[in-house]
Every structure is written in structure tokens, then in C-alpha cells.
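# Observations on chain architecture
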Amino acid sequence: MNIVLFGATGMIGRRIAAEAVQRGHHVVAASRSGEAPLNHALLTDAAVDASSPGQVADVVRGADVVVSALVPPRDGSDPRKPFVALNEAFLKGVREGGVRRVVVVGGAGSLLTDGGTRLMDAPGFPAEYKGEALAHADLLDVLAEVTDLEWTSVSPAAVIAPGERTGVFRTGGDRLITDAEGNSAISAEDYAVAFVDELERAAHPRARMSVAY
């Protein structure tokens, strides 16, 4: 596949890029800086402002799928409106570029716990991550109204961090996946495996999927 990946230099984005090229897909790694997340014959880099529909359209033309690993602002301000605005501009650019499939790195905060409440509304959810969780939830609400694109949002476990690529994990939908001890975790490497699986299989059109051990 020809994949254009926005947010390619972030912790998750660079692992998606690595997993995709390892499987033989061509990746255009798009970021504001134009920095390449890794050196590989199947990867090219591009300096693109995701908030500019024109720049997005130019870089995505001819792609089979566009990936967003964009993250909410982390400057201490409320990230919700800026993140939604960024993604609305980004999606406009995808449309203008003639691509109809988008797969998005989502958040875990809006996943439902066994009690039926959102993870971010459960006791003990870290206050410092609440704004980011709400921003991702707002984006999911925006995507839910999109009918002219084949979109998928991929939510990680409650805890995601660099680790080992095992290729062994579980996938689900809107509910938080936990293990026998009630923990919800995934390595960024295994999240990338599940993400590229979805790029290849398109198993969750216009839906949210989740991944955890």
C-alpha cells in the first residue's frame, strides 16, 4: 500500500512507520519538521502543516490510506477546540486530495469500563491527562458524523509505552480491555502491529477499535 502518515515523528507514529515499511508498504512520513522517523528505502519524508488543507491535499494524492497520529496540544492550554480544528482542517485536506480512507490513532480515555463509565471519568484517572482524553473523545464524536470517508479510530490500552513487539494482543471495540488483574496495557510496538493489521484488513470501517494485552 501507499500510506501517508501524519505525526510520523511521535512515539506512536514512528512505530507505525517502522511496522509498515517492515511489511513492504511505502510510507510518506509527514510532519511539520519534515524529519524522517527512520532510514528505510520504503520511507520518504515530507514537511507538511496538517492544519493546511492545501498542503495535506498535495501530499496525500495517490495514497491508498492516510494515517493520523496527530496529538492534542500539550502547552498547558485547553486542547479540545484546537485539536478538533486541526483535525477538521486535516480531513478537509484528505477529501481535497481524493483519498477516502483514514485511520486515526485514538485515545483510551473514552473507552467504557466494566461499570459503564468512561475510563477518564473513573476514580483515579490522572488529572493531567484529562484534557487530552477529552480532546480525543471530541475527535471521535466528529468522526462519528463523517459519512463520506471510510474512517477507523484505534484506541490503545489505558497504559501505552515503548516496549517489546510480541505480536500477541487482543482487539475489541468501545470497551476497555483488561487482563485478569484488571490492568490495561499495550506496548507501542504491539499497538503498531494491530494498527498496521487494520490498515491491511480494513476490518473496522467507520468504527472505533481498541487493542490491549
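Model, not experiment: these values are computed from the prediction. (Residues numbered from 1 in each chain as written. Predicted model: local features only at pLDDT ≥ 70, side-chain atom pairs only at ≥ 80, totals over all residues. Heavy atoms only, no water.)

Further remarks concern the environment of Gly173. Residue placement: Gly173 occurs in the loop between β8 (170–172) and β9 (185–187). On a C-alpha basis, the gap between Gly173 and Ala158 in space is 14 Å, while along the polypeptide they are 15 residues apart. Those residues in contact with Gly173 that lie beyond four places of it in its chain are Leu111, Arg208, Met209 and Ser210. (Helix = DSSP H or I, 4+ residues; strand = E, 2+ residues; numbered from the N terminus. Contact = heavy atoms within 4.5 Å.)

Turning our attention to the side chain of Arg208. Within the secondary structure, Arg208 is located in strand β10 (residues 207–212). A polar side-chain atom of Arg208 sits 3.2 Å from a polar atom in the side chain of Ser110. Among the polar contacts listed, one links the side chain of Arg208 to the side chain of Asp174, at a separation of 2.7 Å. Setting aside residues no more than four positions away along its own chain, Arg208 makes contact with Gly107, Ser110, Leu111, Leu140, Trp151, Ser153, Ser155, Gly172, Gly173 and Asp174. (Polar contact = N/O pair within 3.5 Å; in protein donor to acceptor, adjacent residues only side chain to side chain.)

This paragraph deals with the side chain of Glu198. As for its position among the elements, Glu198 is in helix α5 (residues 188–201). Of the buried charged residues, Glu198 lacks a salt bridge, with Arg101 as the closest side chain of opposite charge at 4.5 Å. In terms of polar contacts, Glu198 uses its side chain to reach the side chain of His204, at 2.8 Å. For Glu198, the residues in contact, after removing those within four places along its chain, are Arg101, Thr152, Ala203, His204 and Met209. (Buried < 20%, exposed > 50% of the residue type's maximum accessible area, 1.4 Å probe, protein only. Lys, Arg positive; Asp, Glu negative; His and termini not counted. Salt bridge = Lys/Arg side-chain N within 4 Å of Asp/Glu carboxyl O.)

Another aspect to go through is the packing of helix α1 (residues 11–22) against α5. Relative to each other, α1 and α5 sit at 55°, their axes nearing to 8 Å. The orientation of α1 with respect to α5, classified from their angle, is oblique. Seen along the crossing, α1 lies across α5 with a hand that is right-handed. Two secondary-structure elements touch here, α1 through Met11, Ile12, Arg15, Ile16, Glu19 and Ala20 and α5 through Ala188, Glu189, Tyr191, Ala192, Val193, Phe195 and Val196. Split by residue class, the contact of α1 with α5 holds 10 nonpolar, no polar and 3 charged. (Axes fitted to C-alpha atoms, helices over the stretch in contact; angles between N-to-C directions. Parallel < 35°, antiparallel > 145°, perpendicular 65-115°, else oblique. Left-handed = near helix turned anticlockwise from the far one by under 90°. Nonpolar A, V, L, I, M, F, W, Y, C, P; charged D, E, K, R; others polar.)

With that settled, consider the packing of aromatic side chains. Applying the stated criterion across every chain yields a total of 2 aromatic pairs. Centroid distance Phe6 to Phe90: 5.1 Å. Interplanar angle 75°. Geometry classified as edge-to-face. One end of the pair, Phe6, is in strand β1 (residues 2–6); the other, Phe90, is in helix α3 (residues 80–96), with 84 residues separating them in the sequence. No difference in accessibility class separates Phe6 from Phe90, as the two residues are buried. Note on Tyr191 and Phe195: the rings are 5.9 Å apart at their centroids and 40° apart in plane angle, and the pair reads as tilted. Of this pair, Tyr191 and Phe195 both sit in helix α5, 4 residues apart, roughly one helical turn. (Phe/Tyr/Trp six-rings, centres within 6.5 Å; stacked < 30°, edge-to-face > 60°.)

Here we come to the pattern of salt bridges. Should their charged atoms come close, side chains of opposite charge can pair. Evaluation of the coordinates by the stated rule reveals 14 salt bridges. Between Arg23 and Glu19 there is a salt bridge, with the nearest N and O atoms lying 2.9 Å from each other. Judged by its relative accessible area of 26%, Arg23 is partly exposed. One salt bridge connects Arg206 with Glu150, and the closest N-O pair in it is separated by 3.2 Å. Separated by 56 residues along the polypeptide, Arg206 in the loop between α5 and β10 and Glu150 in strand β6 (residues 150–155) bring together distant segments of the chain. Each of Glu19, Arg23, Arg165, Asp197 and Glu200 takes part in a single network of salt bridges with overlapping partners.

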